[in-house]
Amino acid sequence: MRRIHILALTLLLLPLVFVATPKGSVIEGVVVDFQGPVPFATVRSQGQADCTRTDAAGKFNLRRRENATRVTAAKPGYRIGWTPSNRHPIQIRLAPLPSEDNFDYTWIDPVRDSKKPNNCGNCHGAIEREWAGSGHARSAVNPRVLTLFGGTESPLGKDWNLLEQHPLGAGVCASCHAPTMSSPTLDYDLRSVNGVAARGVHCDYCHKIADAPTDKLGTRFGRDGYELLRPHGDEQLFFGPLPDAVRPGDAFVYAPFYKESRYCASCHEGVIFGVHVYGTYTEWLQSPAAKAGTQCQDCHMTPTGAMTNVAPGHGGIERAPKTLASHDFPGGSLAMLKKCLRLEVRIRTEGNRTQVEMTLTADNVGHRVPTGFFDRNLVMVVEATDEAGRTVDAHDGPRLPAFAGANVAGQAGVLYAKTLTDDAGRTPLPFWLPYETMTDTRLHPGQPDRRTFTFPVVTKLRVRLLYRHLWPTVAERIASQDNELVILDQDLTAK
Ligand code: HEC
Ligand code: HEC
Ligand code: HEC
Ligand code: HEC
Ligand code: HEC
């Protein structure tokens, strides 16, 4: 009886012994705002993954970290607060966010310039270089965008020319391509964009996004779909994914939704002139990637592993490289396309015919392929030659239409694209013209597309996968050299 008693006592004591830690290794403190204690704030030593929460009285206990010199606290609705970790007692003050956006705010240029100390690139050199190579940096001055935007000087003449064909609609393009453009005449003519607005989708704009509601998605897009919070006076205010960023004198706001797809939605989803022109976000919602919890940022802002400090020499601290996202936003590049497209070819010759079965699959992608701009098109094409080296036509299987481009027209193959056709049968059309039908043959993520082509007996095959930014018929009229990317071009023996 007595022995059992002692055993039970030691069992009770054991946890107590392990929990009690030597004095000095725990930081005790309190988080307050101007009214009093702040419960449920997240507290951590700056740069450390482990964190704790304040209790109902705003109090916290945090394991001390030798190399962390600051303790930080964050809570939605407040700026990130901090204090040196060697203070006694520790009290962190949280300042609430301004209640109103400042419409008169002057946007800051991303590009480094020693005469303008606030320019982001002065301190965030590596991030600026990544961003400068991305589509976001070009979005307001991209020659392809301006060509289709058009006007009298467009090399496309009056066709595929927005200003000629639908001038009243021209104001919408800036809302995503130049979100900080101001237009005294309210026509938002992209051709006149200048100053910081010409930097397109730039740092200061993206990091003033305070919320990204998705309730009016598609019909409210670009800047009209975002809630911004721009500071008044000389203070700075940036929203971002780090819960513990500190730059003395300026303020940061921890915004976890910067790691979520919905952050990107307003600019990557848009019903324009009644046409579902941009659909990447809703495609993502239906994708296997979304079900697995994989966000746009996971694939398009993947940490490079090279960056350990976002503002080295300018107040940034060393951080785990896998926590720092990259800003190069790779899109429909050759590397990205190769990464996600897989083509399987089976060849069978029987009697007097050769059957070619081609299966194209898009994997490890968060949306349909191609996605993004309306005119993107992907072509799978197979050419066959017989023993004598003559090109032979398939007598069964899909064929490519003339508008798929002179280099593949009429050949055995499949076109993956969105196309508009009008009542006179004209196709493809620019998305701003009236149309009768819309066809969408693009690949679905994770769903193989299998096609069979039947040829007379052949000996050699050439299979190609081609990606185009614009329709070939449009690109050749503006002499666009880099319109077509060759994802695959392979010769096979049909034996
Ligand atoms: C298209 C909007 C967009 C633009 C443009 C943009 N950012 Fe970001 N930024 C983000 C998002 C989203 C994240 C969070 C990504 C994540 O954590 O997965 C982020 C993260 C950051 C971070 C936190 C550290 C890191 O790398 O994760 C810093 C610092 C930053 N951005 C600075 C900049 C600077 C400087 C520029 C311009 C040179 C810039 N951003 C341009 C959206 C943008
Ligand atoms: C303010 C609007 C805006 C926001 C916010 C935005 N984008 Fe974009 N994005 C654009 C525009 C406009 C383009 C087209 C640029 C061009 O090619 O002219 C683009 C292009 C891209 C491209 C293609 C780049 C290329 O080189 O082809 C990718 C990928 C991309 N965005 C991903 C994202 C992701 C991921 C997010 C969210 C973290 C995001 N974007 C947030 C407007 C935005
Ligand atoms: C004088 C130097 C300096 C300039 C200029 C500067 N930053 Fe920073 N920025 C910092 C420092 C320091 C940090 C904190 C780094 C850390 O905690 O490791 C930071 C952090 C950030 C973060 C992370 C916030 C978070 O909570 O995720 C963002 C976003 C950011 N800056 C955006 C910008 C943008 C946009 C500009 C230009 C408009 C800019 N910065 C200009 C020094 C600067
Ligand atoms: C699982 C990884 C993955 C996810 C998640 C993902 N993407 Fe992509 N994305 C890719 C790959 C791979 C490509 C290249 C294939 C292509 O162009 O369609 C691509 C291409 C793009 C392009 C360029 C399309 C073109 O052809 O011009 C844009 C824009 C884009 N993604 C935006 C987004 C946005 C916005 C989200 C979130 C709503 C997102 N992506 C989610 C992998 C992903
Ligand atoms: C809802 C936001 C949004 C609006 C509005 C918008 N765009 Fe875009 N635009 C984008 C995004 C995002 C991309 C990048 C998609 C991709 O890379 O495939 C893009 C890409 C493009 C491209 C392809 C650029 C290239 O280098 O191949 C052209 C051209 C273009 N847009 C023209 C226009 C025109 C003209 C308008 C006005 C009628 C317009 N856009 C309105 C978001 C928008």
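On a predicted model such as this, the values are computed, not experimentally measured, just so you know.

With that settled, the discussion passes to the overall build of the chain. From N to C terminus, the chain includes 14 helices and 23 strands. Expressed as a percentage of the 495 residues in the chain, the buried residues total 47%. Taking contacts inside the chain between residues at least 6 apart in sequence as the whole, the part at least 24 apart equals 62%. Averaging the coordinates of the 55 positive side-chain charges in the chain and doing the same for the 52 negative ones gives two points 8 Å apart.

Before going further, it helps to examine the sheet that holds strand β3 (residues 42-45). Strand order in this open sheet of four strands is β4-β3-β6-β7, and the pairing throughout is antiparallel. Each edge of the sheet is formed by a strand with only one pairing partner; in this case those strands are β4 (51-53) and β7 (81-84). Across the sheet, the mean angle separating the axes of adjacent strands is 20° when strand polarity is ignored. Note that β3 and strand β6 (residues 70-74) share four bridges and pair antiparallel. What sits directly across from Arg44, in β6, is Thr72.

Next up on the list: the coordination of the iron atom of ligand 5. With distances of 2.0 to 2.1 Å, the protein atoms coordinating the iron atom of ligand 5 are His177 (NE2) and Tyr278 (OH). Around the iron atom of ligand 5, the six donor atoms sit at angles spanning 85 to 179°, and that spread fits a shape best called octahedral. One end of the pair, His177, is in helix α7 (residues 174-177); the other, Tyr278, is in strand β14 (residues 275-279), with 101 residues separating them in the sequence.

Another aspect to go through is the site of ligand 5. Near ligand 5, the surroundings consist of 21 residues, among which Cys173, Cys176, His177, Tyr278 and Arg376 are the closest. Between ligand 5 and Asn142 there is a distance of 2.8 Å, counted from an oxygen atom to a side-chain nitrogen or oxygen. When residues in the shell around ligand 5 are grouped by element, the largest group, three residues, is from helix α5 (residues 143-149). Formed jointly, the shell around ligand 5 draws a minimum of three residues from each of two domains, domain 2 (120-139 + 201-323) and domain 3 (334-493).

On to the domain arrangement of the chain, then. Each assigned domain of the chain is listed here: domain 1 (2-93), domain 2 (120-139 + 201-323) and domain 3 (334-493). Computed over C-alpha atoms only, the centres of domain 1 and domain 2 are separated by 31 Å. Listed per partner, the contact involves twelve residues of domain 1 and 14 residues of domain 2. Buried surface at the junction of domain 1 and domain 2, both sides included, amounts to about 1,100 Å², of which 60% is carbon and sulfur. Together, Gln46, Arg79 and Ile80 form the three largest contributors to the area buried by domain 1 at its contact with domain 2, with a combined 48%. Counting the contacts that link domain 1 with domain 2 gives one salt bridge.

What follows is about the nonpolar core. With 65 residues, the main nonpolar core has Ile209, Val379, Leu415 and Phe431 as its most contacted residues. Both domain 2 (120-139 + 201-323) and domain 3 (334-493) contribute no fewer than three residues apiece to this core. Formed by 30 residues, the second largest nonpolar core is a distinct cluster that contains Leu337, Val369, Ala394 and Ile487.

Angles between donor atoms at a metal ideally measure 109.5 degrees for a four-coordinate tetrahedral arrangement and either 90 or 180 degrees for a six-coordinate octahedral one. At 2.0 Å from the iron atom of ligand 4 lie its protein donor atoms, namely His300 (NE2) and His367 (NE2). Taken together, the six donor atoms coordinating the iron atom of ligand 4 and their angles of 86 to 179° define a geometry best described as octahedral. Residue His300 is located in helix α12 (residues 296-300), and its partner His367 is located in the loop between β16 (353-362) and β17 (377-385); the two are separated by 67 residues in the primary sequence.

The next point concerns the sheet that holds strand β15 (residues 341-350). Pairing within the open sheet is antiparallel, and its three strands lie in the order β15-β16-β21. On the outer flanks of this sheet lie β15 and β21 (449-456), each paired with one strand and no other. Strand after strand, the sheet turns through a mean of 15° between neighbouring axes, direction not considered. Taken together, the ten bridges between β15 and β16 define a ladder with antiparallel strand orientation. Bridge pairing in β16 places Val345 opposite Met358.

This part takes up the packing of aromatic side chains. To describe a pair of aromatic rings, one takes the distance between the centres and the angle between the planes. If you walk through the whole model with that rule in mind, you get 15 aromatic pairs. Where Tyr105 meets Trp107, the ring centres are 5.3 Å apart and the plane angle is 85°; that geometry is what we call edge-to-face. An identical accessibility class is assigned to Tyr105 and Trp107; each is buried. Centroid distance Phe431 to Trp432: 5.1 Å. Interplanar angle 75°. Geometry classified as edge-to-face.

Conventions adopted
- Residues numbered from 1 in each chain as written.
- Chains lettered and ligands numbered in written order.
- Predicted model: local features only at pLDDT ≥ 70, side-chain atom pairs only at ≥ 80, totals over all residues.
- Heavy atoms only, no water.
- Helix = DSSP H or I, 4+ residues; strand = E, 2+ residues; numbered from the N terminus.
- Buried < 20%, exposed > 50% of the residue type's maximum accessible area, 1.4 Å probe, protein only.
- Contact = heavy atoms within 4.5 Å.
- Lys, Arg positive; Asp, Glu negative; His and termini not counted.
- Charge placed at Lys NZ, Arg CZ, Asp CG, Glu CD.
- Pairing = 2+ DSSP bridges.
- Axes fitted to C-alpha atoms, helices over the stretch in contact; angles between N-to-C directions.
- Donors = N, O, S within 2.8 Å, 3.2 Å for Na, K, Ca; no water.
- Tetrahedral: all angles 85-135°; square planar, octahedral: opposite > 155°, others 65-115°.
- Near = heavy atom within 4 Å.
- Polar contact = N/O pair within 3.5 Å; in protein donor to acceptor, adjacent residues only side chain to side chain.
- Domains from an automatic or database assignment.
- Buried area = accessible area lost by both parts, 1.4 Å probe.
- Salt bridge = Lys/Arg side-chain N within 4 Å of Asp/Glu carboxyl O.
- Core = buried A, V, L, I, M, F, W, Y, C linked by side-chain atoms within 4.5 Å.
- Phe/Tyr/Trp six-rings, centres within 6.5 Å; stacked < 30°, edge-to-face > 60°.

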